[in-house]
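Understanding the architecture of this molecule
Residue-level listing of the chains:
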Amino acid sequence: MLLTVDHVTRYSYDRPVRAVMQSHRLTPSVFDGQKVRDWTVTVTDGIPGGAFRDGAGDRVQGWTVKGPVSGIEVRVTGTVETLDLAGVLRGHREVVPPEVYLVETAPTAADAALRAVAAAAMGTDGPLAVAHRLAAAVADAIAYRPGATHAHTTAAEALALGEGVCQDHAHALIAAARVAGLPARYVSGYLFADSDGVAHEAAHAWAEIFVAGLGWVGFDPANRCCPDDRYIRLGSGLDAQDAAPIRGIARGTGAESLDVTVAVLALQQ
Amino acid sequence: MTQYFNEMYQGGKVRAPYARLEDWMKAMPAALRTLKQAEAEDLFRRIGITFAVYGEGGDPDRLIPFDMFPRVFTGAEWARLEKGIKQRARALNAFLVDVYQRGEIVRAGRVPSRLVYQNEAYEKAVAGIRPPKGVYSHIVGIDIVRTGPDEFFVLEDNCRTPSGVSYMLENREIMMRMFPDLFRENRIEPVEKYPEILRRTLASVAPEKCSGEPTVVLLTPGHFNSAYYEHSFLADLMGIELVEGQDLFVEGEFVWMRTTEGPKKVDVIYRRIDDAFIDPLCFRPDSMLGVPGLMDVYRSGGVTICSAPGAGVADDKAVYTFVPEMIRFYLGEEPILQNVPTWQCGKSDDLRYVLDNLSELVVKEVHGSGGYGMLVGPKSTKDQVEAFRAKIMADPGNYIAQPTLALSTTPTFVAEGVAPRHVDLRPYCLVGERIELVPGALTRVALKEGSLVVNSSQGGGVKDTWVLAE
């Protein structure tokens, strides 16, 4: 597919701040499933820092905005050609060994219920089958309901609640997969999801599980599928915070408010 | 009864390096000694040197006792130590470069991958980064004990930000002020070049983007930190700025320092802040101590951070076991300094041995420091041993065990006169374009009779450490 993205994040401060510093992972990953036609990130009055590719293969770029500033806009626009690789992250270059992604973090800490999900999915039919069962179990256990959870809800809390959004699905799947001995990580990106006529979050998140022999494979419990050509992958991490497309901080006392709009469209080819 | 190596007396005779000190000791009346000791303490108080040695905890404002009786090495003894220390510092840095790149030592099966990649000190954020000159740990503090004339063992490595070097410098300064004659009678190698060599080492790892003379700063968490005195002391001696996070900021591709003449670009940061706190955009988002955006500048080559983030993966107590393997693997050499034999309680065979011999062993927490949470079997009561047994069994992977080492003794001034007390040694090896070691170190002494724990939080003191010129 040929997908276009227009992603705008507006930060406003009720009192001007002295400076804003951000770290971005807002560039599509380089792998066989996606090819960037054009891609631009702009930051109002932003000074770009040195860009680099980190050990996980993500393109990272720092930005600073000199104050006094009462608001900035981060705008991401571009076109990406995508292929359906059935979730397999083929041709992605990274240095970090999969084993690093066995480490538990606070939002992905496993409790008894998550360990039970993992135990029920175990089997002798190989890690790929286990991963599929884990993803299905998480999708069954957590119903999609926006507003039921918040940014700091943990995997264990979302599972207990039985409701959540894509972040909660991904965290729960990651936590259970790690218990099952499978390296797992959080992936942030975009989803073109208007084809079924129902509105979905276009800024999306899912999980990847490392399957020996295949490599990293994406699983999206929120949509009960593996990422295909409707998905654009940006970056990964141990959990949502570690994989955040934008991490930022403002120097000053002004309270921040945030407004995000994301439009992902398919172009006729 | 364990035999301890006495560094001054062997078979009733004085060992050569201590010969002149015996005369000095005998010629000093008790009254003068008391006077001198009071003078030394007064000097320390006036200087304000009252901090705890790395990670030891305890009251940060308490004065660490200073013992006036120097500890002495011959030039030949030191030459061998120096070789061994530098060898270890090279291997530790080679290991760090490797595990953040291809991890050859893990692929070769020489170090278990779990110990490296699931280590809490492994920083995914710096994977693939090769710091300037391939150095992660620029100041390697290696804790060494002596058990015989030619027997030295490494207890642990400190690759992050080992502290205590200001004691090495101050102990010498105070001894020279109080006993100038001693320094005329003995040919003692100087240590006062340390700050200059440290500054040169830091400047030698400036990033490629830096042209001209690099600007080096020392980043401290602030005056409430127990080692703040050392931070300001070292910055002062090196002639560099002592800064806190709020004095630095990121703009564009570089880090800048606020000065009265406007922003000044910073090229090398000697940080005394832990990884988790140096950049809220990369590590702990709630940190107020660091510099937002610093890691992006570092990773894109705009600034050097010393020690490099992620260096801690080389110095945990479980990885320590494999340092001799690192020396063989990367350098193709045999280790000059030996490790203490170590049992990993996480391994079932080792655990069985440890539990069977608990009253003979020293047991430590893998991530512990400061002599807390540790069992010295031979010095513990039966109840203490049993209580510790339960702790080990509850979480075996969290413990390692070592034989109780017969730490050497050196003469130490005590209430009754002079008596042998156990000591250890922490030299500070500097790694940049070159590897350098000043001929001296911090000697810690267990002031309690019979005690083998030299940590200041557990009744330890410090001594001036001499290396005699050949």
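Residues numbered from 1 in each chain as written. Chains lettered and ligands numbered in written order. Predicted model: local features only at pLDDT ≥ 70, side-chain atom pairs only at ≥ 80, totals over all residues. Heavy atoms only, no water.

In most cases, non-glycine residues show a negative phi, while peptide bonds are predominantly trans. Residue A:Gly67 is joined to A:Pro68 through a cis peptide bond whose omega torsion reads -5°. Within the fold, A:Pro68 resides in strand 4 (residues 59–82). Note the cis peptide between B:Cys306 and B:Ser307, where omega equals -10°. You can see B:Ser307 is positioned in the loop between strand 12 (304–306) and helix 11 (317–320). A positive phi angle, near 50°, is found at A:Arg224, a position not held by glycine. Accessibility expressed as a relative area gives 55% for A:Arg224, which makes it exposed. (Helix = DSSP H or I, 4+ residues; strand = E, 2+ residues; numbered from the N terminus. Buried < 20%, exposed > 50% of the residue type's maximum accessible area, 1.4 Å probe, protein only.)

Let us now look at the interface of chain A and chain B. Contacts between chain A and chain B engage 32 residues on the former and 26 residues on the latter. Roughly 2,300 Å² is buried in total at the junction of chain A and chain B, and carbon and sulfur atoms are behind 59% of that figure. Remark: the boundary between chain A and chain B carries 11 residue pairs in polar contact (both at pLDDT 80 or more). Only strand 1 (2–24), strand 3 (46–53), strand 4 and strand 11 (246–251) of chain A provide two or more residues apiece to the side of chain A that touches chain B. A total of 6 residues in the side of chain A that touches chain B trace back to one element, the largest contributor, which is strand 3 of chain A. Counted by class, the side of chain A that touches chain B contains 15 nonpolar, 11 polar and 6 charged residues. (Contact = heavy atoms within 4.5 Å. Buried area = accessible area lost by both parts, 1.4 Å probe. Polar contact = N/O pair within 3.5 Å; in protein donor to acceptor, adjacent residues only side chain to side chain. Nonpolar A, V, L, I, M, F, W, Y, C, P; charged D, E, K, R; others polar.)

Bringing helix 12 (residues 323–331) of chain B into the picture now. All names here are of chain B. Every buried residue of helix 12 is listed here: Val323, Pro324, Met326 and Ile327. Take helix 12 and look down its axis: the buried residues cluster within an arc of 155°, on one side only. Contact partners of the buried residues in helix 12: helix 3 (75–99), helix 4 (104–107), strand 5 (151–158), helix 11 and strand 13 (338–339). Gly332 occupies a position one or two residues after helix 12 and carries a positive phi of about 65°. (Arc of directions from axis to C-beta.)

Residues and elements named next belong to chain A. The residue Tyr13 is located in strand 1 in this model. In sequence terms Tyr13 and Ala202 are 189 residues apart; their C-alpha atoms lie 25 Å from each other. Those residues in contact with Tyr13, other than ones at most four positions away along the chain, are Val20, Val69, Ser70, Gly71, Ala250, Gly254, Ala255 and Glu256. Separated by 3.5 Å, the side chains of Tyr13 and Glu256 make a polar contact.

By secondary structure assignment, the location of B:Arg187 is in the loop between helix 7 (180–185) and helix 8 (194–203). With sequence-adjacent residues up to four places away left out, B:Arg187 is seen in contact with B:Val467, B:Leu468, B:Ala469 and B:Glu470.

Moving on, we come to the domain arrangement of chain A. Residue and element names in this part refer to chain A. Partitioning chain A into domains gives domain 1 (2–81 + 246–266) and domain 2 (84–237). Each of domain 1 and domain 2 was reduced to a C-alpha centroid, and the two centroids are 24 Å apart. Taken together, the contact pairs 24 residues of domain 1 with 25 residues of domain 2. For the pair domain 1 and domain 2, the summed buried area comes to about 1,900 Å², and 60% of that belongs to carbon and sulfur atoms. The interface formed by domain 1 and domain 2 includes 2 salt bridges. Here Arg90 ties to Asp32 by a salt bridge, and the two come within 3.2 Å at their closest N and O atoms. Viewed at the interface, domain 2 and domain 1 are joined by 9 residue pairs in polar contact (both at pLDDT 80 or more). Ranked by residues supplied to the side of domain 1 that touches domain 2, first place goes to strand 12 (residues 256–266) with 4 residues. Along the lines of polarity and charge, the residues of the side of domain 1 that touches domain 2 split into 14 nonpolar, 7 polar and 3 charged. (Domains from an automatic or database assignment. Salt bridge = Lys/Arg side-chain N within 4 Å of Asp/Glu carboxyl O.)

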